[in-house]
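Each chain, letter by letter, is given below.
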Amino acid sequence: MADQYAQSGEDGRSTEIPAIRWDEPPEGPVLVLLDQTRLPAEEVELVCTDASALVDAIRSLAVRGAPLLGIAGAYGVALAAARGFDVDEAALALAGARPTAVNLSVGVRRAQAAHRDAVAKGCDPEQAAGAALAAARRLHREDAEASARMAAHGLALLDELLPGGGHRILTHCNTGALVSGGEGTAFAVALAAHRDGRLRRLWVDETRPLLQGARLTAYEAARNGMAYTLLTDNAAGSLFAAGEVDAVLIGADRIAADGSVANKVGSYPLAVLARYHHVPFIVVAPVTTIDPDTPDGASIEVEQRPGFEVTEITSPQVTVSGVGGGIPVAPLGTQAYNPAFDVTPPELVTAIVTEEGAVSPVTAGALAELCDRSRQVTI
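Analysis parameters
- Residues numbered from 1 in each chain as written.
- Predicted model: local features only at pLDDT ≥ 70, side-chain atom pairs only at ≥ 80, totals over all residues.
- Heavy atoms only, no water.
- Helix = DSSP H or I, 4+ residues; strand = E, 2+ residues; numbered from the N terminus.
- Rg over C-alpha atoms; globule rule 2.2 N^0.38 Å.
- Buried < 20%, exposed > 50% of the residue type's maximum accessible area, 1.4 Å probe, protein only.
- Areas by Shrake-Rupley, 256 points an atom, 1.4 Å probe, with all protein chains shown as cover.
- Lys, Arg positive; Asp, Glu negative; His and termini not counted.
- Charge placed at Lys NZ, Arg CZ, Asp CG, Glu CD.
- Phe/Tyr/Trp six-rings, centres within 6.5 Å; stacked < 30°, edge-to-face > 60°.
- pLDDT = per-residue confidence, 0-100.
- Contact = heavy atoms within 4.5 Å.
- Patch = residues over 30% accessible without salt bridge, like charges linked within 9 Å, V, L, I, M, F, W, Y side chains within 5 Å.
- Salt bridge = Lys/Arg side-chain N within 4 Å of Asp/Glu carboxyl O.
- Pairing = 2+ DSSP bridges.
- Axes fitted to C-alpha atoms, helices over the stretch in contact; angles between N-to-C directions.

### Some details on the overall build of the protein
Then step 1. Per the secondary structure count, the protein includes eleven helices and 17 strands.
Then step 2. Relative to the compact-globule value of 21 Å for 379 residues, the protein shows a C-alpha radius of gyration of 20 Å, a close match.
Then step 3. Summarising its shape, the C-alpha atoms of the protein cover approximately 60 × 55 × 40 Å along the three principal directions.
Then step 4. Counting all 379 residues of the protein, 53% fall into the buried class.
Then step 5. Of the roughly 16,100 Å² of accessible surface on the protein, 52% is carried by carbon and sulfur atoms.
Then step 6. When the 29 basic and 47 acidic side-chain charges of the protein are each reduced to a single mean position, those positions are 3 Å apart.

### Here's the deal with unusual backbone geometry
Then step 1. Along the chain, Arg208 connects to Pro209 via a cis peptide bond; the corresponding omega equals 10°.
Then step 2. Its place among the elements puts Pro209 in the loop between strand 6 (199-205) and helix 7 (212-223).
Then step 3. Pro361 follows Ser360 through a cis peptide bond whose omega is 0°.
Then step 4. Along the chain, Pro361 falls in the loop between strand 17 (357-359) and helix 11 (364-378).

### Here we look at the packing of aromatic side chains
For any pair of aromatic rings, geometry is given as the distance between the ring centres together with the angle between the planes.
Then step 1. For the structure shown, the criterion picks out one aromatic pair.
Then step 2. On the numbers, 6.0 Å between centres and 25° between planes, the contact of Trp22 with Tyr75 is stacked. With Trp22 in strand 2 (residues 20-23) and Tyr75 in helix 2 (residues 66-83), this residue pair connects regions lying 53 residues apart in the sequence.
Then step 3. With relative accessibility at 4%, the residue Tyr75 sits in the buried group.

### So, the confidence of the model for the protein
Then step 1. Considering every residue of the protein, the mean pLDDT works out to 92; 92% of them sit at 70 or more.
Then step 2. Taken as a whole, residues 1-15 scores under 50 in pLDDT and shows 31 contacts with residues more than four places along the chain or in a different chain.

### Thoughts on a nonpolar patch on the surface
Then step 1. Taken together, Ile313, Ile327 and Val329 make up a surface patch of nonpolar side chains, about 240 Å² in accessible area.
Then step 2. Looking at the element boundaries, Val329 is found in the loop between strand 14 (327-328) and strand 15 (341-344).

### Some thoughts on the sheet that holds strand 10 (residues 261-264)
Then step 1. Ordered in space as 12-9-10-15, the four strands form an open sheet in which the pairing is mixed. Two strands lie at the open edges of the sheet, namely strand 12 (290-291) and strand 15, each paired on one side alone.
Then step 2. With four bridges connecting them, strand 10 and strand 15 associate as antiparallel partners. Note that in strand 15 the partner of Val261 across the bridge is Thr344.

### Quick notes on the pattern of salt bridges
Then step 1. Evaluated as defined, the whole model comprises 17 salt bridges.
Then step 2. One salt bridge in this structure joins Arg305 and Glu309, with 2.8 Å as the shortest N-O distance.
Then step 3. It is possible to trace a salt-bridge network through shared partners that takes in Arg98, Glu303, Arg305 and Glu309.

### A look at the pairing of strand 11 (residues 281-284)
Then step 1. Along strand 11, one buried face is formed by Phe281 and Val283 and the opposite face, lined by Ile282 and Val284, is buried too.
Then step 2. Both strand 11 and strand 16 (residues 351-354) contribute to a ladder of three bridges, which runs parallel. Bridge pairing links Ile282 to Ala351 in strand 16.

### Examining the sheet that holds strand 8 (residues 247-250)
Then step 1. If you walk across this open sheet you meet the seven strands as 7-6-5-8-11-16-17, and the pairing is mixed. Looking at the sheet topology across the chains shown, the edges are occupied by strand 7 (228-231) and strand 17. Ignoring which end each strand starts from, the neighbouring axes of this sheet average 25° apart.
Then step 2. As judged from the five bridges shared by strand 5 (residues 167-171) and strand 6, these two strands associate in the parallel manner.

As structure tokens, this is what we get:
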């Protein structure tokens, strides 16, 4: 089904559009997304009327970020149930839309399990769909709560490692409200520091090739009145050399059982730079991002994306004839290497901050203990 677009505010001012929301217009339930491919030029809502439209939105990065993908996956299952589609088929398509982000499959499984349990108890289709929706809403609420707790734990860790405030934080990709049911993961920590008067500067990597830092993190930093500066990814080394970085804060799309961290490509070089320059390298992610079934970094499936994302630059305001609809920046036929993520080994990670607290040093045993503690709290 074709997606519908709704333009938010004609004057271009910030309208506080949520990254994701469930809506029930007269024609039937829909999942409404803030289309992140159109930011920062436009705040446009993308309306998904079925799970296949949501799969397309996930693959195109209209909706992205590990925690939000989990929420979207859960709502996608609920949408399939409410619309009368095959729930298991929809769940399979949703879970496979982006292989590296473990939260996506976690969210899908939670809503799918709620639906199956309802069916097994003899509930009618409407009641079973309601159970799936309740599971999605619960996950959405839990993520917002986890975001606030991560921010508090992360700020406490920063103050412990860097007493005195005036933090100069370097971040990569986008980890704010656009990836979360709350205010984000790593960005939420920086935002907490800003609100407490302890953030001196947020250094924002552009995050090539799709510029999530330039388009999205800078957008969120500006909306929150933070002191921030944008830089190309390959300028980060000069910042470290000049002593201008106090800490690196990133998110994660999957954390293996041994503490290896898969995050947006370009994260691993930052970890190497941070280690050489004796700068804390901190990963902020919810417990659901830790995957005990993935033993180590080598076992993480790294998503390979289309080469045109590297050979072209896309703009929501410009339509040209590139293969992917962007402006060509390389000769026609150029091959490109375009992994979406890289993997940072645990020995380069100073700490992993979750809603249940921080793990440092990062070891398999410490992560397993944290996950066990989280399950006990949930139960």
